[in-house]
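Observations on the model geometry
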Amino acid sequence: MFDLFRQTYLKPYLQILESSPLYPLITDANGVVLSLPPIINGEHSKITLSTKNVLVEVTGKDREKTKIVLDTICTMFSEYCSDQFTCEALEIVAMSTGAKTVTPKMEYRTEKCSAKEMCMKSGITDLSPENVADLLCRMHLPSKVEGDIVSVEVGPTRHDILHQCDIEEDIAIAYGYNNIPKQVPNLYTIGTEQEVNKLTDSIREEIARAGFTEVLTFSLCSRDDISNSLRIPKAIDQAVLIANPKTFEFQVVRTQLLPGILKTVSCNRKMPLHSRYSKWGMLC
């Protein structure tokens, strides 16, 4: 089957499952194959113009990412349901442990923030807590005011809201960046370029003239990127670990620049050969 798929547009996705001892297969109660995720869907479950009931299934290696995608798709689709803004939850039973999980969860949470503090950080000085709540409501963040505290309800459509700074950004967007008054800093300072930056910028220019393409990657990476992928298993012992990483891609602070370059090469294999890359950055 995989030999057949290699001759089609599915070839780039085969590496996800090719080395796995077992393949995920979704079937209905009658044993009819619905899909082989994440490779291909089945003809039996194909959506047509007459389709009324839609099963939304999301597969992936990162549970948090699949949860976000499922919530987003379900909330967007629910707008077009006959019973608007509703969806039917399913109970998933793990065959190995018997553990039961109900999805989608559509979880809501409440963030309590100081209106004065948020306005100060965003540079807006003429807003009352009621005005702040009104701006957040425009950004699909229902809010209630209790004195100076604004209780912000974060729903399943706003997984991009992680911290208070994200709420402050939404306030600035709703207020209008161009409407924020310009202010002169209270401190008298003279900005100058640091010597190390001046040196690296000069070297960067020379390296670029020599035909190298500079690689810009994140300072965080996965555990495997700095250890198993480089065949240095003990390197993880010297790395700074992130306590509660949101994804597998941002688990540790990089200890080398090489993993970022190798990932760049891997993602650009279709580019012409003899590519030359350079990388500059701080290590931990």
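Residues numbered from 1 in each chain as written. Predicted model: local features only at pLDDT ≥ 70, side-chain atom pairs only at ≥ 80, totals over all residues. Heavy atoms only, no water.

1. Structural notes on the overall build of the protein chain
Looking only at helices and strands, the protein chain features eight helices and 12 strands. Taking 2.2 N^0.38 as the reference for a compact globule, 284 residues should give roughly 19 Å; the C-alpha atoms of the protein chain span a radius of gyration of 25 Å, well beyond that estimate. Its C-alpha atoms give the protein chain principal-axis dimensions of roughly 75 × 55 × 40 Å. Expressed as a percentage of its 284 residues, the buried residues of the protein chain come to 27%. Contacts in the protein chain between residues far apart in sequence, at least 24 positions, make up 53% of those at least 6 positions apart. Carbon and sulfur atoms make up 57% of the accessible area of the protein chain, which totals about 21,100 Å². Of the side-chain charges in the protein chain, 31 are positive and 36 negative, and the distance between the mean point of each set is 6 Å. (Helix = DSSP H or I, 4+ residues; strand = E, 2+ residues; numbered from the N terminus. Rg over C-alpha atoms; globule rule 2.2 N^0.38 Å. Buried < 20%, exposed > 50% of the residue type's maximum accessible area, 1.4 Å probe, protein only. Contact = heavy atoms within 4.5 Å. Areas by Shrake-Rupley, 256 points an atom, 1.4 Å probe, with all protein chains shown as cover. Lys, Arg positive; Asp, Glu negative; His and termini not counted. Charge placed at Lys NZ, Arg CZ, Asp CG, Glu CD.)

2. Considering the packing of helix α4 (residues 129–138) against helix α5 (residues 164–175)
The relative placement of two packed helices is expressed as an angle between their axes plus a distance between the axes. Two elements in contact, α4 and α5, have axes separated by 9 Å at closest approach and are oriented at 90°. By the angle between their axes, α4 is roughly perpendicular relative to α5. Packed against α4, whose contacting residues are Val 132, Leu 135, Leu 136 and Arg 138, the element α5 presents Ile 167, Asp 170, Ile 171, Ala 174 and Tyr 175 at the interface. Residue composition of the contact of α4 with α5, by class: seven nonpolar, no polar and two charged. (Axes fitted to C-alpha atoms, helices over the stretch in contact; angles between N-to-C directions. Parallel < 35°, antiparallel > 145°, perpendicular 65-115°, else oblique. Nonpolar A, V, L, I, M, F, W, Y, C, P; charged D, E, K, R; others polar.)

3. Overview of the environment of Phe 212
Structurally, Phe 212 can be placed in the loop between α6 (195–209) and β9 (213–214). Classification of Phe 212 by relative accessible area gives partly exposed; the value is 29%. Each C-alpha atom of the pair Phe 212 and Ile 226 lies 24 Å from the other, and the pair is 14 residues apart in sequence. Residue contacts for Phe 212: discarding those within four places in its chain leaves Ile 207, Arg 276, Tyr 277 and Ser 278.

4. Things to note about the pairing of strand β5 (residues 100–103)
Where strand β4 (residues 90–93) meets β5, four bridges bridge the pair, whose relative direction is antiparallel. Bridging across to β5, Ile 92 finds its partner in Thr 101. (Pairing = 2+ DSSP bridges.)

5. Digging into the sheet that holds strand β3 (residues 40–41)
If you trace the three strands from one edge of the open sheet to the other, you get β1-β2-β3, paired in antiparallel fashion. Each edge of the open sheet carries a strand with a single partner, namely β1 (26–27) and β3. Relative to strand β2 (residues 33–36), β1 runs antiparallel, the two sharing two bridges. Counted as the bridge partner of Thr 27 is Val 33 from β2.

6. So, α5
The terminal C-alpha atoms of α5, which comprises 12 residues, lie 17 Å apart, in line with the 16 Å expected from a rise of 1.5 Å per residue. Taken residue by residue, α5 has Asp 166, Ile 167, Glu 168, Asp 170, Ile 171, Ala 172, Ala 174 and Tyr 175 as its buried positions. On its buried face, α5 is in contact with β6 (109–114), α3 (115–122), α4 and β8 (149–154). Downstream of α5 by one or two residues, Gly 176 has phi in the positive range, about 105°. (Expected span 1.5 Å × (residues − 1).)

7. Some thoughts on the state of the cysteines
Enumeration according to the criterion identifies zero disulfides in this entry. Cysteine Cys 137 shares no disulfide, and the gap to the nearest cysteine sulfur, in Cys 113, comes to 14 Å. (Disulfide = S-S within 2.5 Å.)

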